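Chain by chain, the residues:
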Amino acid sequence: MQRVLRAEKNDWLAVAAIAVLAAATALLVPAEHLLWVWIGVAGLIVVLMWSRFGDPLTLVLAWFVTSACFSYFFWRAPLPGGLLHVTVDRLFMLVVVTVMVLSLVVGRVSWRPLPAVVKLAVVMAGYFSVSLLMSGFASIADVTPHFRLVGGYYFPIIGMVIAYLAVRDERQAAKLAWFFLAFGLYLTVTAWAEYFGVWELVFPRYIADQELGIHWGRARGPFLVSPSLGVTLVFCFFSNLYLAGRMHGPARLLVYAADLLMVPAIFFTLTRSVWLAMVVCLVIYIAFNRRVRTKAGVFAGLGAVAVVLIAVLWPNLTSRDRATGGVSDPYPIYARVGLAKISMKLFSQEPVFGVGFGHFRDAAVQRGVDPASVYMRFASQQMEHNNFLSVLTETGVVGLVLYVLVLIGLLRVSLRVYRRLSPTGRGWMTRDFVVLYWIMFANYLIDAMFRETSVDPFNNSLFFVLSGMVLGMDFLLAGPAATWSAARTDRADAEFAADASLR
């Protein structure tokens, strides 16, 4: 009771202080700057109010929108020195972190001991940072080393920590599913509009600029990279199935209709790794979906449909034209083989600490490649297209071991959470959510096998934020609420954990 009264007193003191600040600005600030100062004060009020009453996870979801639609393609301003740029998504991440810190201070969110895998991820990011500092910020690559470090590791790990600390009840899982239904619909409409050239429906407008990004001619979405759009759509597809499993009547049919529209959008990315991820994730979904009773029959039916489709579409699939399928397009394959050869050569020369984080391209040019090799010719101007080889080449065995241990640690925690949850539980925080996480895990790994994912802040952060939610579930199941899993299966799944159990 005393804690509540103290918090209410602090709330009134904060309101009074802001009122005094707003009044003082009217007297001290020149009239031409007064509007912007008041906007800043209003922003401060929102931050303070959200820290006291809001959910930090909601801000993380809002950050996903800024990361996708308002990144450096939308607007950027260089800081003094020109090394770093201010962007909307980076500014918003600063707001998210500020709100999270204030939420911890005022008691809106309770501090939890960080799991070992999170500490290991922090160590990994620290090691990558040291590697970058030792090798320098300059690079001939199109993507700067510090952009990859910040977007590929800093932001995702920050998102994971925030999600881990913020998870407290099943409504947050519902919020995640509803958010990605809406965001997935936006991406689906954008993909259809891109593919058929209906540019009036495309937002942001920079998507229609073929000079920006890569993969012009495919569906790219606001990311301007087809694999990024594909990975996100694959997750949204299965997130919608997770959402539909908790709905009834016409609402469920509408969610299924959204998924039907999403399947062609995934094809419109014309990216083979995305198609592979869709198939693998579908197998995981069917294998672990408790509502699918005759799994063997479902797999047999899907196999028969696949055989028929392949037979009918065989000429298109075996062509080199990506617009019709283009599975046999050899050039990306040549490039990846060449990149793997370059990576192995660089690794043999710098096996322990690597050539420096973000400096694969620089080292490849300095060491030279075989100009007579068709593989080297296609690979010579590209960055590594495999996460594991990239980490191995740039940060050595030390970096690769840290990276793999983080992934293994996250998978082990998810397996533990799955075993602890009731197989018949209802609600949002159930085994189905863990299966959705495994789907994203497979989606992330397949993507990582075919490109360097550190250039994609959105999908890296999506994977690690989901990881943070699973880590938060693990904490709740191991703490005071652990008895609920064994004794109150259905009711506990309907009320994942009360706030009181966390304080």
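Residues numbered from 1 in each chain as written. Predicted model: local features only at pLDDT ≥ 70, side-chain atom pairs only at ≥ 80, totals over all residues. Heavy atoms only, no water.

K.L.:
Tell me what's going on with the packing of aromatic side chains, and back it up with residues and numbers.
P.N.:
This model, assessed by the stated rule, comprises 41 aromatic pairs. Pairing Phe288 with Tyr418 gives two aromatic rings, centres 6.2 Å apart and planes at 85°, and the pair type is edge-to-face. Of the two residues, Phe288 is situated in helix α10 (residues 272-288) and Tyr418 in helix α15 (residues 387-420); the sequence distance between them amounts to 130 residues. Tyr418 sits in the buried class, given a relative accessible area of 17%. Ring pairs connect the aromatic residues Trp63, Phe64, Phe155, Phe179, Phe180, Phe183, Tyr186, Phe223, Phe235 and Phe458, which therefore count as one cluster. Positioned over the ring face of Tyr164 is Arg112, at 5.8 Å from the centre of the ring. When the ring centre of Phe357 is taken as reference, the NZ or CZ atom of Arg148 above it lies at 5.1 Å. (Phe/Tyr/Trp six-rings, centres within 6.5 Å; stacked < 30°, edge-to-face > 60°. Helix = DSSP H or I, 4+ residues; strand = E, 2+ residues; numbered from the N terminus. Buried < 20%, exposed > 50% of the residue type's maximum accessible area, 1.4 Å probe, protein only. Lys NZ or Arg CZ within 6 Å of the ring centre and 35° of its normal.)

K.L.:
Outline the pattern of salt bridges, listing residues and values.
P.N.:
The final tally for this structure, using the stated rule, is 11 salt bridges. Salt-bridge contacts for Asp55 lead to Lys175; the nearest nitrogen and oxygen are separated by 2.7 Å. Of this pair, Asp55 sits in the loop between α2 (31-53) and α3 (56-69) while Lys175 sits in helix α7 (residues 171-196), placing them 120 residues apart in sequence. The exposure class assigned to Asp55 is buried, which follows from its relative accessible area of 7%. Judged by its relative accessible area of 29%, Lys175 is partly exposed. One connected set of salt bridges, linked through shared partners, spans Asp55, Arg168, Asp169, Arg171 and Lys175. (Salt bridge = Lys/Arg side-chain N within 4 Å of Asp/Glu carboxyl O.)

K.L.:
Describe in detail the side chain of Asp89, supporting the description with residues and values.
P.N.:
Within the element layout of this structure, Asp89 appears in helix α4 (residues 88-106). Buried and unpaired, Asp89 has no salt bridge, with Arg90 as the nearest side chain of opposite charge at 5.1 Å. If we ignore the near neighbours within four places in the chain, the residues touching Asp89 are Trp63, Thr66, Ser67, Phe70 and Ser71. (Lys, Arg positive; Asp, Glu negative; His and termini not counted. Contact = heavy atoms within 4.5 Å.)

K.L.:
Any details on the nonpolar core? Residues and values, ideally.
P.N.:
One finds Phe64, Phe180, Phe238, Leu410, Phe433 and Phe463 to be the most contacted residues of the largest nonpolar core, which totals 111 residues. Aside from chain neighbours lying at most four places away, what touches Phe64 is Phe179, Phe180, Phe458, Ser461, Leu462 and Val465. Core analysis: the next-biggest nonpolar cluster, separate from the first, contains 7 residues, Leu339, Ile342, Phe360 and Ala364 among them. (Core = buried A, V, L, I, M, F, W, Y, C linked by side-chain atoms within 4.5 Å.)

K.L.:
I'd love a proper account of the confidence of the model for the chain, names of residues and values included.
P.N.:
Mean pLDDT over the chain: 82, with 76% of residues reaching 70 or higher. In the predicted structure, residues 1-5 sits below a pLDDT of 50 and forms 2 contacts with residues beyond four places in sequence or in another chain. Note on residues 481-503: pLDDT under 50 across the span, and 55 contacts to partners over four residues away in sequence or across chains. (pLDDT = per-residue confidence, 0-100.)

K.L.:
Break down the packing of helix α8 (residues 226-244) against α10 for me, with residues and values.
P.N.:
It is the contact of α8 with α10, at a shortest axis distance of 10 Å, that shows an interaxial angle of 20°. Considered as vectors, α8 and α10 are oriented roughly parallel to each other. Relative to α10, the crossing made by α8 is right-handed. Mapping the contact onto sequence places Pro227, Gly230, Val231, Val234, Phe237, Phe238 and Leu241 in α8 and Val274, Met278, Cys281, Leu282 and Tyr285 in α10. (Axes fitted to C-alpha atoms, helices over the stretch in contact; angles between N-to-C directions. Parallel < 35°, antiparallel > 145°, perpendicular 65-115°, else oblique. Left-handed = near helix turned anticlockwise from the far one by under 90°.)

K.L.:
I'd love a proper account of a nonpolar patch on the surface, names of residues and values included.
P.N.:
There is a patch of nonpolar side chains on the surface, built from Val189, Trp192, Phe196, Val198, Leu201 and Leu261 and spanning about 540 Å² of accessible area. If you tally residues by element for the nonpolar patch, the top one is α7, at 3 residues. Within the fold, Leu261 resides in helix α9 (residues 250-268). On the accessibility criterion, Leu261 (45% relative accessible area) is partly exposed. (Patch = residues over 30% accessible without salt bridge, like charges linked within 9 Å, V, L, I, M, F, W, Y side chains within 5 Å. Areas by Shrake-Rupley, 256 points an atom, 1.4 Å probe, with all protein chains shown as cover.)

K.L.:
An account of the environment of Gly221 is requested, with residue identities and associated values reported.
P.N.:
Structurally, Gly221 is set in the loop between α7 and α8. Under the relative-accessibility criterion, Gly221 is labelled buried at 0%. C-alpha of Gly221 to C-alpha of Trp192: the two residues are 29 residues apart in sequence and 9.7 Å apart in space. Leave out the neighbours within four places in its chain, and Gly221 touches Thr190, Glu194, Ile207 and Leu229.

K.L.:
Describe in detail unusual backbone geometry, supporting the description with residues and values.
P.N.:
With glycine set apart, most residues show a phi of negative sign, and most peptide bonds adopt trans. Pro204 follows Phe203 through a cis peptide bond whose omega is -5°. Along the chain, Pro204 turns up in the loop between α7 and α8. With a phi close to 65°, His215 is a non-glycine residue in the positive phi region. Relative to the elements of secondary structure, His215 occurs in the loop between α7 and α8. Although it is not a glycine, Leu270 adopts a positive phi angle of roughly 55°.

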